[in-house]
Amino acid sequence: MSMHRSHILICSGSNCSHRQSRAVRSRLRQAITETGLEREFKVIETGCFGLCQQGPIMVIYPEGVHYCRVQADDIDEIVQTHLQKGRVVTRLLFKSGTEQSVELPKTAFYQKQKRVVLRNVGLIDPENIEESLARDGYQGLAKVLDTLSPEAVIAEVTNSGLQGRGGAGFPAGRKWEFTRKAPGDQKYVVCNADEGEPGTSKDRLILEGDPHTIIEGMAIAGYAVGATKGFIYIRGEYQLSLQRFRQAVAQAKEYGLLGQDILGSGFHFDIEVRSGAGAYVCGEETALLNSLEGKRGEPRYKPPFPANFGLWGKPTLINNVETLANIGPILIHGADWYRSIGSPECPGTKVFTLSGNIANRGLIEVPMGITLREIVEDIGGGIPNGRHFKMAQTGGTSGGCLAVQHLDLPVDIPHLAEVGSSLGSGALLVVDDSHCMVDLARVFLKFFAHESCGQCTPCREGTTLLKRLVDKIASGSGTAADIKAMRRLSTTMQMTSLCGLGQTVPTPVLTMLAYFNDEFMEHLDGGACATGVCRAAVKGVV
Amino acid sequence: MGQSMKSMQELEAIRERARKAMQVRQNQEGGPVISVAMGTCGIAKGARDVMMALVDEAAKRGLDSVVVTQSGCAGYCEHEPMIKVQLPHQDAVYYGSLDERKARDVVARHLVQGEIANDYVLQLPGGEPLA
Amino acid sequence: MREWVRQTVEQFGRDRHQLLEILGHLQRGRSYLEKETLLAVAEELDLPAAEVYGTATFYSLYSTVPRGKHIIRVCENAPCHIDGAAAVLAAVQAYLGLQVNETTEDGRFTLETTSCLGICSAAPALMIDDDVHGNLTPESAVGILKNLA
């Protein structure tokens, strides 16, 4: 095996790909060949480093120097100055305010993060299973198969306090237990990778950056609940995730980590990769099951729950990508270790996609219970362009809209529930004071009116009616009765919608009405939109 | 290099092999660091061959925690190729006028046996060792 | 066409649960699924035609009407919206002379809107066929379209 004295990591995640990272990578390989440095330098294409705003990012080890916004034209200078002479190209280092850093892990952006789920993302080559193995990939599975009974695995997951990371936050261990105890010979494990929540790309970046951790999590889940077959349903738009995951499954089979008699334990497990076809509602677990069966992705009535009546009516465990990414580390390090991270009532970490009016947009992982302010100001780098913080929406478009008085709120499942929001899928949209909440409500409701599958009346009609009411308010012709109607409709939808989609549409609506009530009031009875956004937007539409 | 594993021992063996290949990327804070001066002068006098010899010798001897890195010209072009060996909690030692053979010797004596290879230590004009 | 559908069905398995994969495969490299194709799939899988049609029309990645050579999908979700997606969409509409869900007369472009493309760090974004473009301004979006073959 050849040893290279230096490894050059470059992001090949899809958030960097659109920034010409492909051209950067090919130019780098070419330059290294031209200068005859192939024996010394190994180029590795990794997953996302998280600081997507600064991409494409390149890291040179062993020095650990991080370069940001690298373009193909920068390659010659990097090769001549850094690779050949060992000098840092300072103009490409990360700068944030007055902070300039050689190593990104030493910046505020990384210092407040805690990487469990993303431990390998941006460090390993996701297309090479051995790099995963080097970083303890499949060690959790090996330990489970070697030393633990299925019941003991479930007990460990239960004791860890891990809650589902897909949106609903249901305790993972209990879900596993229900599936284990459900009668039936044939059971299934399904990984929900139909990530469609606006503002969220964490699952995609995990799948692209460390697919083996998901395979491992699914196999452990299969062993625990008594399933020999798993499916992963990946959003159809995520072509790179689909390709990387298929490749990872093939490698795991080749290495004997999937298939018959895994590691000589007598346990069999296989995974089939399926592609979605463009439907937000399929992120809802029962809609996803229908879609896997080749049908329209319409949600089913619950109960019966999938743990008893899932795929083709068999007991089925459905977990989100991020939930499964926690399983390997929990089994390796134990429930107590996991509980030592995060807050007592909500252990562990959470991966967020930071978007909107914030300096460091990208992918982050923080301990549960960190305050919103720490995320926005320290990790996110604050609000750019001299504007001020106005609103943060947690949990994606179906999450709640929080205001400046919530900045010191601990971010975890129970604390967000207290203020009427949710952790959801981990989108965090930050909005500055140049934007109008009524206008944003129009955007949210347009999305829901389009994505409602139309099966149940409260959601089908409710989303459209809410959209009309908000349009009316934005146009200046709304009245206090319209606000009242929005509240009433929202409550009805929460109580009577068939699935999580219709039940959570009211979350942004009601939190906006609660925390930005004055702004809605200003728009009524011919009143003006203080930011001027609504008048312009409505004129554009009419 | 795929191989279907059938036991925990095989998994362990592959993990060890894979770890070595990735060692360069692990956080080496606090471990031994050899930095090679790679200015134009150093490269012209063979610094690159010295560096490759250091990497190769460290790998052969299983010194996984040693980081071989590079720096710019230190200003003593006369004595290139030169390197700095920094062991944890010790003063850095500078070696000069190296070649491949001497570089391998430095690894064997300084890093393995823990003795400074005095005959290659860089001498300042006054006879003082550079520190 | 019939033979091609049969081969595809055999490749994925004559099984209802493969319907999405089969439809996806049949549409690849084409702009839409023709009526005859859907009828042939229904026959091969022994399903009512309405089931196949109902499934195909449920998902936004399938189309049952002809579309242009290039499909332009502009994201208009919140993270793109606050970074000026509306102006980008307006510029694209003006350049192509299209409303959303229309196709140019020469059959080159179809304009659609899309839900989040997941590159919110580079909002506003749009997707042309399989390629995502981010950090757009109205001018740069039109510039990308002008460079399309």
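Residues numbered from 1 in each chain as written. Chains lettered and ligands numbered in written order. Predicted model: local features only at pLDDT ≥ 70, side-chain atom pairs only at ≥ 80, totals over all residues. Heavy atoms only, no water.

S.K.: Even after reading the chapter, I still don't get the overall build of chain B, so can you show me in this structure?
M.R.: Helices and strands together make up the secondary structure of chain B, namely four helices and four strands. Each helix and strand of chain B, placed in order from N terminus to C terminus, yields the pattern α-β-α-α-β-β-β-α. Buried residues in chain B amount to 46% of all 131 residues. Across chain B, contacts joining residues at least 24 apart in sequence account for 59% of those joining residues at least 6 apart. Carbon and sulfur atoms provide 49% of the accessible area of chain B, an area that totals close to 6,400 Å². (Helix = DSSP H or I, 4+ residues; strand = E, 2+ residues; numbered from the N terminus. Buried < 20%, exposed > 50% of the residue type's maximum accessible area, 1.4 Å probe, protein only. Contact = heavy atoms within 4.5 Å. Areas by Shrake-Rupley, 256 points an atom, 1.4 Å probe, with all protein chains shown as cover.)

S.K.: Mind showing me how you'd approach unusual backbone geometry here?
M.R.: Glycine aside, residues mostly have negative phi angles, and peptide bonds mostly take the trans form. All names here are of chain A. Cis geometry is found at the peptide bond from Tyr61 to Pro62, where omega equals 10°. Topologically, Pro62 is positioned in the loop between strand S3 (58–61) and strand S4 (65–67). Backbone geometry places Arg69, a non-glycine residue, at a positive phi of 45°. Tracing the sequence through the fold places Arg69 in the loop between S4 and helix H2 (75–83). Of note, the phi angle at Tyr138 is positive, near 70°, even though the residue is not glycine.

S.K.: Please clarify how empty space enclosed by the protein should be interpreted in this entry.
M.R.: Taken as a whole, this structure holds seven cavities of 30 Å³ or more when the rule is applied. Its boundaries defined by the atoms lining it, the largest cavity holds a volume of some 240 Å³. Every residue lining the largest cavity is counted, 18 residues in all, and those nearest its centre are Met3 and His4 of chain A together with Val24, Val55 and Val66 of chain B. Those elements that provide at least two residues to the lining of the largest cavity are helix H1 (8–22), helix H3 (47–60) and strand S2 (67–71) of chain B. With three residues, the single largest contributor to the lining of the largest cavity is H3 of chain B. (1 Å grid on protein atoms, 1.4 Å probe; cavity = no way out; pocket = protein on both sides within 12 Å on 5 of 7 lines; lining within 4 Å. Points joined across faces, edges and corners; volume = space filled by probe spheres on them.)

S.K.: Help me understand the pattern of salt bridges in this model?
M.R.: Residues and elements named next belong to chain A. Per the stated rule, a full pass over the model turns up 60 salt bridges over all chains. Among the salt bridges present, the one from Asp378 reaches Lys112, with a minimum N-O distance of 2.8 Å. Of this pair, Asp378 sits in helix H15 (residues 372–379) while Lys112 sits in the loop between helix H3 (108–111) and helix H4 (129–134); the two residues are 266 residues apart in sequence, bridging distant segments of the chain. Lys112 sits in the partly exposed class, given a relative accessible area of 32%. Among the salt bridges present, the one from Asp439 reaches Arg442, with a minimum N-O distance of 3.8 Å. (Salt bridge = Lys/Arg side-chain N within 4 Å of Asp/Glu carboxyl O.)

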